[in-house]
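These are the residues of each chain, in order.
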Amino acid sequence: LSEADILIVGAGFYGATLAERIATQLGRRVLVIDRRRHIGGNAYTEEDPATGVEIHRYGPHLFHTSNEEVWNYLRGFTGFTAYRHRAFSTYRDKVYPLPINLATICQFFGKRLSPDEARGMITGQAAELGDRPPANLEEKAISLVGRPLYEAFIKGYTAKQWQTDPRELPAQIIARLPVRYTFEDGYFNDRFQGQPVDGYTAIFEKMLAHELIETRLGVDFFDIKPLLPKDLPVVYTGPIDRYFDYSEGELGWRTIDIDLEVMDTPDHQGTAIMNYADETVPYTRVVEFRHFNPERQHKSDKTLIGREYSRFAGRADEPYYPIDTRRDQAVYRRYLERAAAEKNLHLGGRLGTYRYLDMHQAIGAALKAFETVLEPYFTGKLDSV
Ligand code: FDA
């Protein structure tokens, strides 16, 4: 520990990107710790022993970005497959493509519609509220896609996700709902997409494989904090409220329980992710992991699926999605003020900044922090991280 120039708490994309940059570009010694027994943060994947399928332990991860700098950076550690994500939703025993597009609309209303006809119909249905501003999530969604599509694809799904009636949820949870008036059914619009050829964990193994980086797993920052040299700079990517011992209050998160099951068939649902829109089905989605890698020869005649259940997170749960109420925002601001007053502390990543970040955003934010904070610090232009 005494030899490290910097401590990085968390071996997810934010921490691993900074560790890699600091070691390779600045020649400094980095100690990376993670309280989990593996690297990769929430993007961690491993082989399932029963089926040989690559399982995404903390929920399905699909790489997509339009940020060329991030794409080029990541390709230094992995190749990408040609995987393009498509998603589907089951509603009342029928299957529809997502996001809502012309195929969904034609199928749902049972007729052939041109793009103009579909747009005209949905705009008419969405005008239900007139000039009155939406008072809750339900009204907001109706003002965007009309009542019939809302009731089929959004109402039950949202109620399950939030364990709350959409009429009780604030309108600002949704800013927009994508509706495409074409038959384009690719899930992401981004320029660069694909899955890492050897899985996500292999990316982290390469990023951290440098002689100046030491990685220690199963180590909780708060257990070693009292032993740290006073002036050692720390990059902390854990929850910001935990860092300050919850002194300003707890931030709200949702989490997901994934119920795994090995199915006695080589293909359970014919696609990677199937949403279940009906409120009567208790899970929100079923993930079938082998479909993320159609290019692989899976020897097993069994397949692995995960049913996802969404709920509010307690302190002992994995925090996944920030709830971000007005109260949360006020609490977060108070933590930010306290962090600004601490010398040599840099908070980053999704937990450290209380923000949902996709992988490309976490990597992009780390590359920016390297340029604007860490490099200036190590070259003497800043006196604190
Ligand atoms: P991340 O959470 O990965 O890493 C933080 C690390 O810090 C963790 O490993 C944790 O153990 C460690 N830590 C915390 N406290 C500590 C302490 N006290 N001591 C030591 N270590 C500590 N993105 C995307 O682009 N496409 C996708 O399809 C998905 N899908 C998806 C599904 C689900 C269910 C979730 C929750 C998230 C996604 N994501 C995603 C987002 C993706 O997971 C996210 O961008 C990255 O995990 C962000 O990396 P970070 O390094 O910020 O956090």
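Computed from a predicted model, the values in this text were never measured in an experiment. Once a new chain begins, its residue numbering starts again from 1 and follows that chain's sequence as written. Totals for whole chains, interfaces and linings use every residue, but because this is a predicted model, local features are given only for residues with pLDDT of at least 70 and side-chain atom pairs only at 80 or more, for both listing and counting. Hydrogen atoms and water are omitted, and side-chain values are computed over all heavy atoms in the structure.

1. Focus on the environment of tyrosine 91
(1) Moving on: A run of H or I in DSSP becomes a helix once it reaches four residues, and a run of E becomes a strand once it reaches two; helices and strands are each numbered from the N terminus. Here tyrosine 91 shows up in strand β6 (residues 87-91).
(2) Moving on: Once the C-alpha coordinates of tyrosine 91 and alanine 277 are considered, the two residues, 186 residues apart in sequence, prove to be 5.3 Å apart.
(3) Moving on: Any two residues whose heavy atoms approach within 4.5 Å at even a single point are treated as in contact. When sequence neighbours within four positions are dropped, the list of residues in contact with tyrosine 91 reads Tyr96, Phe108, Glu151, Ala152, Phe153, Ala277 and Asp278.
(4) Moving on: Of the polar contacts made by the side chain of tyrosine 91, one reaches the side chain of arginine 92; its length is 3.3 Å. Identification of polar contacts relies on pairs of N or O atoms within 3.5 Å, with a donor-acceptor requirement for protein atoms, meaning one able to donate a hydrogen and the other able to accept it, and with residues adjacent in sequence counted only if both atoms are side-chain atoms.

2. Notes on the side chain of threonine 158
(1) Moving on: With respect to the helices, strands and loops of the structure, threonine 158 is situated in helix α6 (residues 147-162).
(2) Moving on: Given the relative accessible area of 8%, threonine 158 is considered buried.
(3) Moving on: Apart from residues lying up to four places away in sequence, threonine 158 is in contact with Leu137, Gln163, Thr164, Pro166 and Leu169. Categorising residues by exposure relies on relative accessible area from a 1.4 Å probe, with only protein chains included: less than 20% of the type maximum marks a residue as buried, more than 50% marks it as exposed, and the intermediate range marks it as partly exposed.

3. Some points on the domain arrangement of the protein chain
(1) Moving on: These domain limits were set by an automatic method or by a database of domain assignments. What the domain assignment reports for the protein chain is domain 1 (6-77 + 197-251 + 324-378), domain 2 (87-173) and domain 3 (253-312).
(2) Moving on: If you average the C-alpha positions of domain 1 and of domain 2, the two centres end up 36 Å apart.

4. Focus: the site of the ligand
(1) Moving on: Around the ligand sit 31 residues in total, of which Asp34, His61, Leu62, Leu357 and Met359 are the nearest.
(2) Moving on: Residue leucine 357 places a main-chain N or O atom 2.5 Å away from an oxygen atom belonging to the ligand.
(3) Moving on: The side chain of aspartate 358 places a nitrogen or oxygen atom 3.1 Å from a nitrogen atom of the ligand.
(4) Moving on: Protein chains shield 97% of the accessible area of the ligand, which is 1,000 Å² for the free molecule.
(5) Moving on: For the shell around the ligand, the secondary-structure elements that each account for two or more residues are α1 (13-26), α8 (221-224), α11 (349-352) and α12 (359-378).
(6) Moving on: At three residues, the largest contribution of residues to the shell around the ligand is made by α11.
(7) Moving on: A class-by-class count of the residues in the shell around the ligand yields 17 nonpolar, eight polar and six charged. What makes a residue near a molecule or strand is one non-hydrogen atom of that residue sitting within 4 Å of it. Under the convention used here, a 1.4 Å probe and the Shrake-Rupley method define accessible areas, while residue burial counts only the protein chains that appear. Nonpolar residues are Ala, Val, Leu, Ile, Met, Phe, Trp, Tyr, Cys and Pro. Charged residues are Asp, Glu, Lys and Arg, and all others, Gly as well, are polar.

5. Concerning the sheet that holds β6
Within a sheet, adjacent strands bond to each other through the backbone by hydrogen bonds, running parallel or antiparallel.
(1) Moving on: If DSSP finds at least two bridges between two strands, the strands pair. Spatial ordering of the open sheet is given by β7-β6-β12-β13-β14-β11-β15, a layout of seven strands whose pairing is mixed. Here the strands that pair on one side only, and so sit at the sheet edges, are β7 (94-98) and β15 (321-322).
(2) Moving on: Summarising the sheet, strand β13 (residues 285-288) and strand β14 (residues 303-312) pair through four bridges and their orientation is antiparallel. Note on β14: the bridge partner recorded for valine 286 is arginine 307.

6. Quick notes on the pattern of salt bridges
(1) Moving on: Each reported salt bridge corresponds to a side-chain nitrogen of Lys or Arg within 4 Å of a carboxyl oxygen of Asp or Glu. With the rule as written, the count across this model stands at 23 salt bridges.
(2) Moving on: As a salt-bridge pair, glutamate 54 and arginine 296 come within 2.8 Å of each other at their nearest N and O atoms. Here the residue glutamate 54 occupies a position in strand β4 (residues 54-56), and arginine 296 occupies one in the loop between β13 and β14, the gap between them amounting to 242 residues.
(3) Moving on: As a salt-bridge pair, arginine 147 and glutamate 151 come within 3.3 Å of each other at their nearest N and O atoms. Of this pair, arginine 147 and glutamate 151 both sit in helix α6, four residues apart, which is roughly one turn of that helix.
(4) Moving on: On the basis of relative accessibility, which here comes to 29%, the residue arginine 147 falls in the partly exposed class.
(5) Moving on: On the basis of relative accessibility, which here comes to 35%, the residue glutamate 151 falls in the partly exposed class.
(6) Moving on: By sharing partners, the salt bridges in this structure join Glu54, Glu295 and Arg296 into a single network.

7. Overview of the side chain of histidine 61
(1) Moving on: Locating histidine 61 in the fold gives a position in the loop between β4 and β5 (63-65).
(2) Moving on: Judged by its relative accessible area of 16%, histidine 61 is buried.
(3) Moving on: Beyond its immediate chain neighbours, meaning those up to four positions away, histidine 61 contacts Asn42, Ala43, His56, Gln195, Tyr200 and Met359.

8. Some words on the packing of helix α3 (residues 102-109) against helix α4 (residues 115-126)
(1) Moving on: To obtain an axis, a line is fitted to C-alpha atoms, over the contacting stretch when the element is a helix, and the angle between two such axes runs from 0 to 180 degrees between their N-to-C directions. Close contact between α3 and α4 brings their axes to 11 Å; oriented N to C, the two are set at 70°. The angle between the axes of α3 and α4 places the two elements in the roughly perpendicular class. Residues Leu102, Ile105 and Phe109 of α3 pack against Pro115, Ala118, Met121, Ile122 and Gln125 of α4.
(2) Moving on: Partitioning the contact of α3 with α4 into residue classes produces seven nonpolar, one polar and no charged. To sort the angles, those under 35 degrees are grouped as roughly parallel, those over 145 as roughly antiparallel, those from 65 to 115 as roughly perpendicular, and the leftovers as oblique.

9. Thoughts on the nonpolar core
(1) Moving on: Residues enter a nonpolar core if they are buried and are Ala, Val, Leu, Ile, Met, Phe, Trp, Tyr or Cys, with the set joined through side-chain atoms within 4.5 Å. The biggest cluster of nonpolar side chains holds 53 residues, and the ones touching the most others in it are Leu7, Ile105, Phe221 and Tyr236.
(2) Moving on: Of the residues forming this core, the biggest block, six residues, is contributed by α6.
(3) Moving on: When residues of this core are sorted by domain, at least three fall in each of domain 1 (6-77 + 197-251 + 324-378) and domain 2 (87-173).
(4) Moving on: Beyond its immediate chain neighbours, meaning those up to four positions away, isoleucine 105 contacts Ile100, Leu113, Ala118, Met121, Ile122, Leu149, Val179 and Tyr181.
(5) Moving on: Within the second largest apolar cluster, 44 residues are counted, among which are Tyr14, Leu74, Leu212 and Val235.

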